[in-house]
Structure formats: structure tokens, C-alpha cells
Amino acid sequence: MSFTRPPYSGRVNRKRIMLVAGALAATAAVGYAQMGGYTQSDLTKTDTGRAFLQVIGALNQYYLYPIDQEKLLRGAINGAIGSLNDEFTYYSEPANNAIDNQNLNGEFGGIGVTLVAANADGTGGKIDNVYKGGAAANAGVQIGDVFVKIDDKDVLNSKLDEIVRLVRGKEGTTVSVTFARAGKPYTVKMERRKVTIVSVEETVLPGNVGYIALNTFYNSKASEQFRAAVADMKKKGVQKLILDLRDNGGGLLNAGVDVADQFLSQGDIVSLRDRSGKTEVYGKATRSPSDYTGKLIVLVNKNSASASEVVAGALQDTKRATIVGEQTFGKGVAQIPIDTVDGGKVAIVANEWLTPNGRQIHKKGITPDVVVKDTRYTVPLNFTGGGLEPNAKITLTVDGKPVTVTADKDGKFTYTGEVKRPTHSTTQGEAVVDPQGDAILKKALDLLK
């Protein structure tokens, strides 16, 4: 690994070089970091810099309504990073970064559930899974229950990350949550307990075929959990293994290298190239008694990104594994995370990464050796219409069930059905698979016969 560290007002941790795509890159901003020799005083040396200060001053002097200074400055910062037009260079505000760090550390105080958005616009929260032994399970919370209120705050239309922040808290503290089940509300008071994020799920399929799903590399415990799963497979005498990286959006680069290394005995795994064109090997494989040496198939889909692509690319280039599934996401750049003085974090794209054969996959992805469409997801039924009176309701029959939609102020209405999602076990670490309904998995099993 090689990169040039310019002077800055934050911290860089080499082990935390990130390969993250998707939800983590949700916002963007940073204060006046001293990047590349740029200092605060430089702001007054150009007309544009002076204009910026002039506008901020004029807003504070003349604007009719009260100004939220924090919001104003963060907006300016967001604009600065947004001007790069780079979705992978982003800023996490302190509150979001605190949750982010909990996820990275793999532990937090919570109620033992996973959430998805409840509304078509991505707002609200709905229970996606309830883990055995957790506070929510003991309180009778069920999959599909919708968050209505957390303590005294209504959250029916809140952002999902805000709901997560409100639910989590110090271990031993309590939280009161009102849920809706089939439209009927109920309230439970729960004591937050220690929750450990388990990013690895495993099982053994008929024919003694091992199956390990790695859901994210954004967990400092992921490598340890994965090594334990591989050891468990070897203990069970597994000689045919399926590694499922579908929907894995990436995480820590060193975790990706560690996973790939468990299947390789020698050679490069990934290299980094900086903006000067200098390329240096970041990770090399080493032989170890714990390595898995049997047959290997890796499953990917369009949501397999970043560190997932590092692993898939290395195993494909070295012909160690057969890659099965869909074209991957195509995130071939690495970010350096810098902790900012306000408690936030800025992730800056600083390198592109290359497979062992020198392939660049950014905005291209990895083409599987065997291409198969992911059938676990279906396109939900959706329709739009118009011509109704404002706020009028219309009921249609969908799959034998009535669906009622309400027109907006312009008399238009929309409906989006629920997206089918893969089922997960209520026991952390236990994989649930559907070899018949999952075309990619079915193909992998056929190839291993």
C-alpha cells in the first residue's frame, strides 16, 4: 500500500482504508481541512474566497429569518465536496458517524433487530428481522412491525438512520417504542442490551457442500468471524465450498485481503495506484495451515461492491474459484477516512485499486465466469394514475387482495408493492438458503456435482 499523506486536521488510520459503496456514502461535507497545503488564510487571497465570506456575512446581516449557523456551514461544506461530483468522497456528520463507528466496531447497545425503510420514499422503519435472545424478541416484536413512535418522537416519516440513532443507546438504558402491526398500534418498553454484529452466516448443504455468506466487510470483527466459519467447514470435512458475496457493499480493504488470503497460498491480492500513477501492492497471499484448499465457487450480484470485488477479482485472476452470478457493482477506488474535529468523518477517494492481473474495475465491475440472474428479488407491482379528486381514495384488487391508494393534491396516485427480500434466520450466524428458488445458488450446486 502506498499513498501520500498531505497535512490535514484529522486522523488517518492505514488499517481503515475503505472500499465502501452504497448507503454509507449518503452525505458529504468537511470543515476547512488543511488539505494539500491549503490554509484558512488562503480563503482571502482569491476573489472567489472573499466572495464566499462576503455571502456568509451578508446572509447573517440581512436574511429575514433566523439562521442555523451549523446548518449553514455544513451546507457550504456539502457544496464543496459535492462540486467534486464523486459519490464516494463524502462526509458523515457527528451523529451519523457515531452510528457508523458502532457498526465498524461490531457492537452497540440495542434491542436486537434489523430494519428496512417502511415507505416507498425510503423513510420510516420496519422490522426486517428479530434475533433470538434480544430485547425485541422477548417483548414480542415481530418481523413486519412498523415504527410509529420512539419515546416521545413520532417516526413514521423519519429517515431510517434517525430511527436507528433513537433505538440504539447505552447498554442497560430503556427505550419505549410504539409499533404498528396490521395497522394496530402497541407499545413496549425495552432495556437495551449488548448487540454483536455477526457478518457471517453459514450452513452445510446436501452433499456436504459448505456455504458461507459474508454480508459486509464494514465490521472489524468480520475477518475473525470468517476465519471461524472456514475453520468450522474444515472441521466438518467440507471439500466443496460456496462463498456468497451477494449484496455485500464492501468495507475495510484489509478485511477483504484477509478473506481472499484464506483461499490463496501465494501471489498478489490487490494493488493501489495513487494520483501520480505510482502503483504498489497492498496485499499479498501467504500460505497457512488454516487455508481452505478445496473446490470453491463465489457468488456475486449487482450489489457486490468494493472489497467484495477485491476478493472476487483476486480469486478469478488466480483461477482459484469460479465466479457465478451477475456483473458486479464496479467500485474500483479506495477511500482514506479522516476523523474531523467536529466528531464527523470525511472519506476521500485517494487510490484506485487493481486486481492481481492489473484490471481496473471502476464503473465496469467484474464479469462472472458463469452469468446467472439473481432470482431472489422480484420487481414489485407498481402503478400510477390520475384524474381523481384531491385526497380521494381508490381501491384496486392486487393478487386477490384490496389495495387502497389516496390521491395527492393534484388527483394523482401511485402504488409500489413490497419488494421480495431473502429470508434470514433469527439466529445470528445461521444461514437460510433456497436452492430451488435461488437460481445463482442452484447453478453453483450444479457446478460442484
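The rules behind the values
- Residue positions are given per chain, counting from 1 as you read along its sequence in written order.
- A pLDDT threshold of at least 70 governs which residues receive local features in this predicted model, and a stricter bar of 80 or more applies before side-chain atom pairs are shown or counted, although totals over entire chains, interfaces and linings include all residues.
- Only heavy atoms go into the side-chain values, all of them from the structure, while hydrogens and water stay out.
- Elements are defined by DSSP. Helices are runs of H or I of four residues or more, strands are runs of E of two residues or more, and each kind is numbered from the N terminus.
- Each radius of gyration is computed over the set of C-alpha atoms, and the globule rule expresses the reference value as 2.2 Å times the number of residues to the power 0.38.
- Relative accessible area decides the class of each residue, using a 1.4 Å probe on protein chains only: under 20% of the type maximum gives buried, over 50% gives exposed, and in between gives partly exposed.
- Any two residues having at least one pair of non-hydrogen atoms within 4.5 Å are treated as being in contact.
- Calculation of accessible area relied on Shrake-Rupley with a 1.4 Å probe; when residues are assessed, cover is drawn exclusively from the protein chains displayed.
- Charge counting treats Lys and Arg as positive and Asp and Glu as negative, with His and both chain ends excluded.
- Think of each charge as sitting on NZ of Lys, CZ of Arg, CG of Asp or CD of Glu.
- Think of a polar contact as two N or O atoms within 3.5 Å of one another; within protein, one of them needs to be a possible hydrogen donor and the other a possible acceptor, and neighboring residues in sequence only count if both atoms come from side chains.
- Note on pairing: two strands pair once DSSP finds at least 2 bridges between them.
- Axis definition: a line fitted to C-alpha atoms, over the contacting stretch in the case of helices. Angles run 0 to 180 degrees between N-to-C directions.
- Helix span is expected to be 1.5 Å times the residue number reduced by one.
- Note on ring pairs: Phe, Tyr and Trp rings are taken, using the six-membered ring of Trp, and paired if centres are within 6.5 Å. Classes follow the plane angle, with under 30 degrees stacked, over 60 edge-to-face and the rest tilted.
- In this scheme, Lys NZ or Arg CZ marks a charge over a ring once it lies within 6 Å of the ring centre and within 35 degrees of the ring normal.

Per an unreviewed UniProt entry, the protein chain carries the name CtpA-like serine protease and comes from Deinococcus aluminii.

What follows is about the overall build of the protein chain. Summing up its helical and strand segments, the protein chain has nine helices and 26 strands in all. What you see for the protein chain is a C-alpha radius of gyration of 24 Å, in line with the 22 Å of a compact globule of 449 residues. Out of the 449 residues belonging to the protein chain, those deemed buried represent 44%. Long-range pairs, those at least 24 residues apart, make up 69% of the contacts in the protein chain with a sequence separation of at least 6. Total accessible area on the protein chain stands at roughly 22900 Å², and carbon and sulfur atoms take up 51% of it. Side-chain charges in the protein chain split into 55 positive and 48 negative, and the spacing between the mean points of these groups amounts to 3 Å.

With that settled, consider unusual backbone geometry. Of note, the phi angle at Asn208 is positive, near 55°, even though the residue is not glycine. Inspection of the secondary structure assignment puts Asn208 in the loop between strand 12 (200–205) and strand 13 (209–214).

Take the environment of Pro206 next. With respect to the helices and strands, the residue Pro206 is situated in the loop between strand 12 and strand 13. A relative accessible area of 73% means that Pro206 is categorised as exposed. Counting along the chain gives 153 residues from Pro206 to Leu53, while the straight-line C-alpha distance between them is 68 Å.

Tracing the backbone shows Tyr377 in the loop between strand 22 (370–371) and strand 23 (382–385). The exposure class assigned to Tyr377 is partly exposed, which follows from its relative accessible area of 30%. The spatial distance from the C-alpha of Tyr377 to the C-alpha of Pro422 is 7.5 Å, given a sequence separation of 45 residues. If we ignore the near neighbours within four places in the chain, the residues touching Tyr377 are Asp247, Asn301, Val419, Lys420 and Pro422. At a separation of 2.5 Å, a polar atom in the side chain of Tyr377 contacts the side chain of Asp247.

Strand order in this open sheet of six strands is 12-13-14-18-19-22, and the pairing throughout is mixed. The sheet is open, and its two edges are formed by strand 12 and strand 22, each paired on a single side. Alignment of strand 14 (residues 240–244) against strand 18 (residues 295–300), held across five bridges, turns out to be parallel. Within strand 18, the residue paired with Ile242 across the bridge is Ile297. Sitting on the sheet, helix 6 (residues 222–235) touches strand 12, strand 13 and strand 14, and the angle it makes with strand 12 is about 10°. Contacting strand 12, strand 13, strand 14, strand 18, strand 19 (322–325) and strand 22, helix 9 (residues 439–447) runs over the sheet at an angle of about 165° to strand 18.

Positionally, Asn219 belongs in the loop between strand 13 and helix 6. Reaching out from Asn219, the side chain makes a polar contact with the backbone nitrogen of Lys221 at a distance of 2.9 Å. In this structure Asn219 touches Asn103, Leu104, Asn105, Gly106, Ile197, Ser199 and Gln225, once residues within four positions along its chain are discounted.

For helix 2 (residues 69–82), spanning 14 residues, the distance from its first C-alpha to its last is 20 Å, which sits close to the expected 20 Å at 1.5 Å a residue. In this fold, the buried residues of helix 2 make contact with helix 1 (47–62), strand 3 (90–92), helix 3 (94–105) and strand 21 (345–354). Measuring from the side-chain oxygen of the N-cap residue of helix 2 to the backbone nitrogen of Glu70 gives 3.1 Å; that N-cap residue is Asp68.

Let's shift gears to the packing of aromatic side chains. Under the counting rule described, the total for this entry stands at seven aromatic pairs. Here the aromatic rings of Phe88 and Phe329 are separated by 6.4 Å at their centres, their planes lie at 70°, and the arrangement is edge-to-face. A residue pair is termed long-range when its members are at least 10 positions apart, and Phe88 in the loop between helix 2 and strand 3 and Phe329 in the loop between strand 19 and strand 20 (333–339) qualify at 241 residues. For Phe329, a relative accessible area of 36% gives the class partly exposed. Here the aromatic rings of Phe263 and Tyr292 are separated by 6.1 Å at their centres, their planes lie at 80°, and the arrangement is edge-to-face. Within this pair, whereas Phe263 is found in the loop between helix 7 (253–261) and strand 16 (268–273), its partner Tyr292 is found in the loop between strand 17 (279–284) and strand 18, the two being separated by 29 residues in sequence. The exposure classification of Phe263 matches that of Tyr292, with both residues buried. Of the aromatic side chains, those joined through ring pairs into one cluster are Phe147, Phe179 and Tyr186. Seen from the ring of Phe108, Arg168 lies directly overhead, with NZ or CZ sitting 3.6 Å from the centre. Looking at Lys331, its charged tip hangs above the ring of Phe88, at a distance of 5.1 Å from the centre.

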